Amino acid sequence: MAATWFGKRQIGISFLLIVILLQLRLAQAQSSVASLNIIPINSSAGSELPPLISPLNQTSSLTATNLITGTWYTGYERSLELPGDIWRIFVDEQDRLYIHGEFDWIEGETIKQFASWDGATWQDYGLTDDDKLAINTLKLYHGELVIGGFFRQIGGRTMNSLARWDGTQFQPFGNGLIHNPTLIGEVHDLAVISDSLQIGGNFASFDNVPAEAFAYWNPTSYGQIAKVIDRVYDIASTTNATIVAGLITSINDMPINQFALLQNQTWSQLPMPAGITTVKGLEVLNNTMYLITPAPNQSSHTMVHQWANNTWISDTSVITDSMAGWTVGNGTLYAANYVDSKSIWQRSNDGWHKLNLPVTIRRLNSIAGNSTGVYAAGSFIINGQPSNLFHWDGQNVTNIPQIMRHTPINQIGDLAGKPIIQDYKLQLWTENHWKTLYSTNSGLITTPTRTYLVEGYSIAPVPPIHSAIWHFLPNGTLTTSLVLTDAPNQLNFIHLNASMGQVWLNTQKALANNQEISGVFKVNDSGLQKITPISCRGMVYPTNRRLYCIVSYYPSTHNDIYYWNGQFWQFLSSHYTIDSERPLQAIAWRDHLYFTHGNELRRYDDGPTTVVATFDGKLHLLRAIGTPYLYITGRFTQINNQSIERIARWDGNDWQGFTTVPNGDIETMVVTNDVIHVSGKFTHVGPISSFGIASVDLTPYMIYLPSINK
């Protein structure tokens, strides 16, 4: 059954009007570019725009009745989800598999970045998009999982590159590992030796105690094992010896070259195998130490050497490939080439052999051995189906259920109540599936009358026409009556943005239907209206009282704000954003210019800025359509101490919010008078599953009834 909009009154008349409008639009789409006329450009001088409404009132507290009424729709099919990217995999001493990477859900459950699998059930460790982790190693110690890598926080708590899982949440090891006053340390390897957790990496202190690159921790004490300069990459041990390897020049002030042996509490230089100058890795198998190196005089080949009777014995079998990954599984050694051949090799009694797997390997990221074979993570085709994780037991490949992530939606717009998205291609939701329209990474602008495709230079989604601005017909076809192109042989700019319900053009010099233009213009359905004769190198923001221009120097945090004084662009102030990961969010609404500053919404008055509202978390997006409401999204749960979560709107007096909201960040949003479309890193809206995109119908007399295809 197709999705349908049902009106409560005048259905027949509305249907007739829709048919007439569609016919007019289709006739417009069929018109040729050759019939375009040069657009009349009407000039208007002065710094003031016509006033539309009265000045704003002061904000007031949210009341219990200030809820946004609307119906959420999340049933957009799963074609927008992508296979997750697993960066590293590990197997612990109990054969449990751990995966680390970029993913959002596993088998329909929300699990982000880090998970483990016992062969039947996945375990979540509660990470969120706020947790920026690089996990290099892990170990079980006294029944708890310990992870090491390069990360500052987990769950808002300081960890400094080392953390342990207590069964409920990650706990720190005191102040963790510090490299210098401005940089945290990094953990490269962990080992459990003599009932102590040994930590190797690049750091100068461990929980405020001096510890150069090699430290230990146990339930009764912690500290430095040895003063190692510069860093430790690998720790390996047998019953009577420990070897450390890395960029090492000295241990306890004794000169050491790359790797050293600790035996009977004495450090010594471990000799290199004959002809070897570079160490690739260390592994322990059956209480025997193995060293992995390039082959002498053949850097593209790889050799393995075992430590026996205080000397290195080199394998006679050479891997005819350059290996980068190593693991022990099922009582043998495995090696992997991650870049060139993307192959896995296995060592047997008669030497090294390349595995002939029934798998098409498109990308190989990591391998990890367990008691029955080896796991591999990357991008594969198994039995004609995509996969990102499998297990090989020597005879059979077992595909692990697909780990998925959100499609990164860069832009979102609205076309007749349906979302249109840009994820390096334009896709339009057409009742029960996504229809691909064009391949592009250009921007989307939605106004009350049209949705536009815009770019800072002329593009040709519909050859042979080149233009920096296009608009969509109801069926998703692109057309343009304004051919906007770069001026020839000029280093100019074209800035297009939507503000106060209209599209604004700011250009130093361009051609509009072959007519040279310069300045700031309002884009109408029939042409251009000239607002200022001089351009400003930024986006323009027209309020009812003043025309602003913001020049942003992204990715820096510096923004310069100007206003038009009737003759030239006059500097007003500089603004520095607090969140360096997100550009300045600004919007013209009614009489003022609004912008985000950390967890505050501020506005420019004639003089200083005014704090409009204070939130308890970061702010992400500002949107408005016309003048009724100003919308804002972010990681907040309160506005001026009133409970409103993630998405809110303001009418100039009161704040309003939804009873149910997405459970993750909203990264893109478009707002019309009838509908809101959002996308981001969320998996549910309230209790309802979503795949990172949802819509809410705001019309009081209509209900959107989605189809469900089984």
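For the structure itself, consult the block above.
J.: Lay out the overall build of the protein with the relevant residues and their values.
T.: Helices and strands together make up the secondary structure of the protein, namely 1 helix and 77 strands. When the 710 residues of the protein are sorted by exposure, 51% land in the buried category. Across the protein, contacts joining residues at least 24 apart in sequence account for 43% of those joining residues at least 6 apart. Carbon and sulfur atoms provide 50% of the accessible area of the protein, an area that totals close to 31,900 Å².

J.: How would you summarise the pattern of salt bridges if you had to cite specific residues and measurements?
T.: Evaluation of the coordinates by the stated rule reveals 13 salt bridges. With a closest N to O distance of 2.9 Å, Asp230 and Arg231 form a salt bridge. Exposure remark for Asp230: the relative accessible area of 33% places this residue in the partly exposed category. Residue Arg347 is joined to Asp315 by a salt bridge in which the shortest nitrogen-to-oxygen separation is 2.7 Å. Separated by 32 residues along the polypeptide, Arg347 in strand β38 (residues 344-348) and Asp315 in the loop between β35 (311-314) and β36 (325-329) bring together distant segments of the chain. The same class applies to Arg347 as to Asp315, namely buried.

J.: Talk me through the packing of aromatic side chains; I want residue IDs and the actual numbers.
T.: Evaluated as defined, the whole model comprises 29 aromatic pairs. Seen in terms of ring centroids, Phe173 and Trp217 are 5.1 Å apart; in terms of plane orientation they differ by 85°. Their pairing is edge-to-face. Separated by 44 residues along the polypeptide, Phe173 in the loop between β16 (170-172) and β17 (177-180) and Trp217 in strand β23 (residues 214-217) bring together distant segments of the chain. Judged by relative accessible area, which is 23%, Trp217 ranks as partly exposed. Between Phe380 and Phe390, the ring centres sit 4.8 Å apart and the planes meet at 75°, which makes this aromatic pair edge-to-face. One end of the pair, Phe380, is in strand β41 (residues 373-382); the other, Phe390, is in strand β42 (residues 385-392), and 10 residues separate them in sequence. A single burial state applies to Phe380 and to Phe390, both of which are buried. Each residue in the set Trp589, Tyr594, Phe615, Phe636, Trp650 and Trp655 is aromatic and connected to the rest through ring pairs, giving one cluster. The aromatic ring of Tyr563 is capped on one face by Arg546, whose charged end is 4.1 Å from the ring centroid. Above the plane of the ring of Tyr629 lies Arg649, whose end atom (NZ or CZ) is 3.8 Å from the centre.

J.: For the sheet that holds strand β4 (residues 82-83), give the residues involved together with the corresponding values.
T.: With antiparallel pairing, 4 strands are arranged side by side in an open sheet as β4-β44-β7-β8. Strands at the two margins of the open sheet, each flanked by one partner only, are β4 and β8 (109-110). Across 2 bridges, strand β7 (residues 105-106) lies against strand β44 (residues 403-405) in antiparallel orientation. Looking at the pairing, Trp105 lines up with Met404 of β44.

J.: Could you give me a rundown of unusual backbone geometry, with the residues and numbers involved?
T.: Asp230 follows Ile229 through a cis peptide bond whose omega is 25°. Tracing the backbone through its elements, the reader meets Asp230 in strand β25 (residues 228-230). Phi at Ala213 is positive, roughly 70°, even though this residue is not glycine. Relative to the helices and strands, Ala213 resides in the loop between β22 (209-210) and β23. Although it is not a glycine, Gln265 adopts a positive phi angle of roughly 60°. On the secondary structure map, Gln265 appears in the loop between β30 (259-263) and β31 (266-269).

J.: An account of the nonpolar core is needed here, citing residue identities and associated values.
T.: Formed by 18 residues in total, the largest nonpolar core has its most connected members in Trp72, Phe658, Met669, Ile676, Val678 and Leu698. For this core, the elements supplying multiple residues, two or more each, are β72 (665-671), β73 (675-681) and β76 (693-697). If we ignore the near neighbours within four places in the chain, the residues touching Val678 are Trp72, Ile412, Pro662, Ile666, Thr668, Met669, Gly692, Ile693 and Ala694.

J.: Break down the pairing of strand β45 (residues 411-415) for me, citing the residues and quoting the values.
T.: Summarising burial for β45: 4 of the 5 residues are buried, a large majority. Relative to strand β46 (residues 418-422), β45 runs antiparallel, the two being bridged by 5 bridges. In the strand pairing of β46, Leu415 is matched with Lys418. Linking two consecutive strands that pair antiparallel, namely β45 and β46, is a turn of 2 residues; a positive phi of about 55° is found at Ala416 within it.

J.: Lay out the environment of Ala191 with the relevant residues and their values.
T.: Within the fold, Ala191 resides in strand β19 (residues 186-193). By relative accessible area, which is 7% here, Ala191 ends up buried.

J.: Explain the environment of Val670 to me, using residue names and the numbers behind them.
T.: Inspection of the secondary structure puts Val670 in strand β72. When the C-alpha atoms of Val670 and Thr447 are compared, they prove to be 9.6 Å apart, with 223 residues separating the residues in sequence. When residues no more than four places from it in sequence are discounted, the contact partners of Val670 are Ile412, Gly413, Asp414, Thr446, Val675, Ile676 and His677.

J.: Any chance you could break down the side chain of Asn388 for me, citing the residues and the numbers?
T.: Tracing the backbone shows Asn388 in strand β42. Relative accessible area serves as the criterion here: at 1%, Asn388 is assigned to the buried category. At 2.8 Å, the side chain of Asn388 forms a polar contact with the backbone oxygen of Ile403. Once residues lying within four places of it in the same chain are set aside, the contact partners of Asn388 are Pro83, Gly84, Ile86, Ala376, Ala377, Gly378, Phe380, Gln402 and Ile403.

J.: If you had to explain the state of the cysteines to someone new, which residues and values would you point to?
T.: Evaluation of the coordinates by the stated rule reveals 1 disulfide. The disulfide that involves Cys536 links it to Cys549, with 2.1 Å between the sulfurs. Taking the sign of the S-S torsion, -90° for the link of Cys536 and Cys549, the bridge is left-handed. Note that Cys536 is positioned in the loop between β57 (528-532) and β58 (539-542) and Cys549 in strand β59 (residues 547-552), a separation of 13 residues in sequence.

Cut-off values and rules
- Residues numbered from 1 in each chain as written.
- Predicted model: local features only at pLDDT ≥ 70, side-chain atom pairs only at ≥ 80, totals over all residues.
- Heavy atoms only, no water.
- Helix = DSSP H or I, 4+ residues; strand = E, 2+ residues; numbered from the N terminus.
- Buried < 20%, exposed > 50% of the residue type's maximum accessible area, 1.4 Å probe, protein only.
- Contact = heavy atoms within 4.5 Å.
- Areas by Shrake-Rupley, 256 points an atom, 1.4 Å probe, with all protein chains shown as cover.
- Salt bridge = Lys/Arg side-chain N within 4 Å of Asp/Glu carboxyl O.
- Phe/Tyr/Trp six-rings, centres within 6.5 Å; stacked < 30°, edge-to-face > 60°.
- Lys NZ or Arg CZ within 6 Å of the ring centre and 35° of its normal.
- Pairing = 2+ DSSP bridges.
- Core = buried A, V, L, I, M, F, W, Y, C linked by side-chain atoms within 4.5 Å.
- Polar contact = N/O pair within 3.5 Å; in protein donor to acceptor, adjacent residues only side chain to side chain.
- Disulfide = S-S within 2.5 Å.

Fair warning: the whole summary comes from geometry, so function is off the table for now.
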